[in-house]
Amino acid sequence: MKVAVVGAGAIGAYVGAALHRAGTEVHLIARGPHLAAMRRHGVRVLSPRGDFTARPAATDDPSDVGPVDYVFLGLKANSYALSGPLVHPLMREDTAVIAAQNGIPWWYFHGLAGPYTDRRLDSVDPAGSVSATLPPERAIGCVVYAATEIEAPGVVRHLEGTRFSIGEPDRSVSRRCLDFSEAMVAGGLKCPVEPDLRNDIWIKLLGNISFNPISALARATMGQICRHPDARALVESMMRETLDVAAAVGCRPEISVERRIAGAERVGDHKTSTLQDLEKGKPLELDVLLAAVVELAELAGTPVPTLRAVHALADLLATTSSAPAGSTA
């Protein structure tokens with residue numbers, strides 16, 4: 001098996017290191033000091049499960065790698081449409097793309113029987129730009145339950161969790177999923193193949209759709225949000241509306257709002273990825289988390305007043321935070 005990790009940041013490098021130590025041929029594609037450190041010293045993983053170092057190949061030029069069996073995407077979803085130069089040199093006819101993303105994926109309705117079969121969502125696939133770069137038939141969905149961070153160039157700290165749930169858009173249990181799962185398990189990770197990954201997508205999205213935008217708007221940690229009665233009530237309202245949308249498009253994840261909030265509260269004073277991106281001046285990955293669910297609500301005719309209000313504020317924040325100083329944008 002030959003795997004290329006495109007965007008070998010904290011999650012991508014962790015996955016690549018785990019696969020490599022179990023014997024998979026892995027090629028990490030990254031840039032900057034992180035790439036230079038991985039080339040010199042490999043990927044050093046610091047983990048409560050045991051530290052280890054792996055030395056997979058690392059490059060900034062995918063044409064050095066050539067066609068692979070799997071492309072593991074560690075990029076943010078808002079960069080998928082522009083990922084062609086990184087991804088296309090790695091493709092052959094049957095190469096699968098494993099997209100480790102939060103939120104609603106561009107392939108959500110691909111191969112899904114029902115009234116919305118193959119429907120494209122503008123919020124996550126504007127003008128079909130993502131599908132043109134990453135054809136949905138190549139996609140294997142992936143929901144990440146691991147938490148990692150880059151502690152220093154070439155050094156990944158694994159904080160918690162080893163589960164990477166994967167699944168086909170058409171709900172089949174394919175050979176390509178089973179083979180990748182086997183390689184991940186050999187590397188010490190959990191990788192269940194889910195007959196319908198959409199349940200996992202919505203369960204994780206319940207937290208992302210509420211805590212991520214609120215944390216950025218209020219500059220607050222997850223613990224601070226949970227301890228503030230009105231903010232906690234806002235999270236609860238957003239989660240209930242999100243479950244209404246999921247049901248309207250045919251998905252009923254088995255989790256309660258109370259349990260989901262309690263799980264977030266246990267994380268404590270952690271900054272969400274959206275708040276971290278805001279503080280670093282990076283683009284905010286909110287389209288797949290929030291705008292997509294508002295679009296799905298419109299499609300299904302489901303009222304989501306709280307989600308709409310928070311989306312308006314979060315969209316304004318994304319616009320003003322990315323505008324140059326003195327701009328009227």
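All figures in this text were calculated on a predicted structure; none of them were measured in a lab.

The end-to-end C-alpha distance of helix α6 (residues 198-218) is 30 Å, a good match for the 30 Å that 21 residues give at a rise of 1.5 Å each. Where α6 bends most, the angle comes to about 35 degrees, and this point is Leu205. Extensive coverage of α6 is indicated by the burial of 17 of its 21 residues. Looking one or two residues beyond α6, the residue adopting positive phi is Arg219, at roughly 55 degrees.

With that settled, consider the nonpolar core. Leu73, Tyr80, Ile104, Trp106 and Trp202 are the most contacted members of the largest nonpolar core, which totals 70 residues. Setting aside residues up to four positions removed in sequence, Ile104 forms contacts with Leu121, Val124, Ile201, Trp202, Leu205, Val288, Ala292, Val293 and Leu296. Of all hydrophobic cores here, the second largest spans 38 residues; its members include Val5, Phe72, Ile166 and Val193.

What follows covers the sheet that holds strand β3 (residues 43-46). Strand order in the open sheet made by the 4 strands is β4-β3-β10-β9, with mixed pairing throughout. In this open sheet, the two edge strands, each paired with only one partner strand, are β4 (52-54) and β9 (147-152). Looking at each pair of strands side by side, their axes are set apart by 25 degrees on average, direction ignored. As paired strands, β3 and strand β10 (residues 155-160) are joined by 3 bridges and run parallel to one another.

Time to look at the packing of aromatic side chains. In total, this model carries 5 aromatic pairs according to the counting rule given. Taken together, a centroid distance of 6.4 Å and an interplanar angle of 90 degrees make the contact between Tyr108 and Trp202 edge-to-face. Note that Tyr108 is positioned in the loop between β7 (96-100) and α4 (129-133) and Trp202 in helix α6, a separation of 94 residues in sequence. Both residues of the pair, Tyr108 and Trp202, belong to the buried class. Taken together through their ring pairs, the aromatic side chains of Tyr108, Phe109, Tyr116 and Trp202 make up a single cluster. A cation sits over an aromatic face here: Arg21 above Phe52, 3.9 Å from the ring centre. One cation-aromatic arrangement involves Arg198 over Tyr108; the distance from NZ or CZ to the ring centre is 5.2 Å.

Here 7 strands make up an open sheet; going across it, the order is β5-β2-β1-β6-β7-β8-β11 and the pairing mixed. What marks the edges here is a single partner per strand, and that holds for β5 (57-59) and β11 (164-167). Looking at each pair of strands side by side, their axes are set apart by 20 degrees on average, direction ignored. Sitting on the sheet, helix α5 (residues 175-186) is in contact with β1 (2-6), β6 (70-73), β7, β8 (139-144) and β11, with an inclination near 165 degrees to β11.

Close approach of charged atoms allows side chains with opposite charge to pair. Per the counting criterion, the structure on display carries 17 salt bridges. With a closest N to O distance of 2.7 Å, Asp200 and Arg163 form a salt bridge. A residue pair is termed long-range when its members are at least 10 positions apart, and Asp200 in helix α6 and Arg163 in the loop between β10 and β11 qualify at 37 residues. For Asp200, a relative accessible area of 7% puts it in the buried group. Measuring nitrogen to oxygen at the nearest pair gives 2.7 Å for the salt bridge that ties Glu258 to Arg240. With Glu258 in helix α9 (residues 257-267) and Arg240 in helix α8 (residues 229-248), this pair connects stretches of sequence that are 18 residues apart. In this structure Arg240 comes out as partly exposed when scored by relative accessible area, which is 37%. Through salt bridges with shared partners, a single network forms among Asp69, Arg92 and Asp94.

One can find Asp125 in the loop between β7 and α4. No salt bridge is formed by the buried Asp125; its nearest oppositely charged neighbour, Arg120, is found at 4.8 Å.

Rules and cut-offs
- Along each chain, residue indices are assigned from 1 in the same order as the chain's sequence is written.
- The model is predicted, so local features are restricted to residues of pLDDT at least 70 and side-chain atom pairs to those at 80 or more, both for listing and for counting; the totals for chains, interfaces and linings are taken over all residues.
- To get the side-chain values, all heavy atoms of the structure are used, and hydrogens and water are removed first.
- For helices the rule is a DSSP run of H or I covering at least 4 residues; for strands it is a run of E covering at least 2, with both sets numbered from the N terminus onward.
- To estimate how far a helix should reach, multiply one less than its number of residues by 1.5 Å.
- Axes are fitted to the seven residues ending at a residue and to the seven starting at it; the angle between these axes is taken as the bend at that residue.
- Burial classes follow relative accessibility: with a 1.4 Å probe on protein chains only, a residue under 20% of its type's maximum area counts as buried, one over 50% as exposed, and anything between as partly exposed.
- For this analysis, a nonpolar core means a set of buried residues of the types Ala, Val, Leu, Ile, Met, Phe, Trp, Tyr and Cys, connected via side-chain atoms within 4.5 Å.
- The contact rule is simple, with two residues in contact once any of their heavy atoms fall within 4.5 Å.
- Two strands make a pair as long as DSSP finds a minimum of two bridges between them.
- Geometry is summarised by axes, namely lines fitted to C-alpha atoms with helices restricted to the contacting stretch, and by angles between N-to-C directions that run from 0 to 180 degrees.
- Stacked, edge-to-face and tilted are the three classes for Phe, Tyr and Trp ring pairs, Trp counted by its six-membered ring, which pair at centre distances within 6.5 Å; planes under 30 degrees apart are stacked, over 60 edge-to-face, the rest tilted.
- Working rule: Lys NZ or Arg CZ, within 6 Å of ring centre, within 35 degrees of ring normal, means a charge sits over the ring.
- What counts as a salt bridge is simple: a side-chain nitrogen of Lys or Arg found within 4 Å of a carboxyl oxygen of Asp or Glu.
- Under the counting rule used here, the positive set is Lys and Arg, the negative set is Asp and Glu, and His together with the chain ends is not counted.

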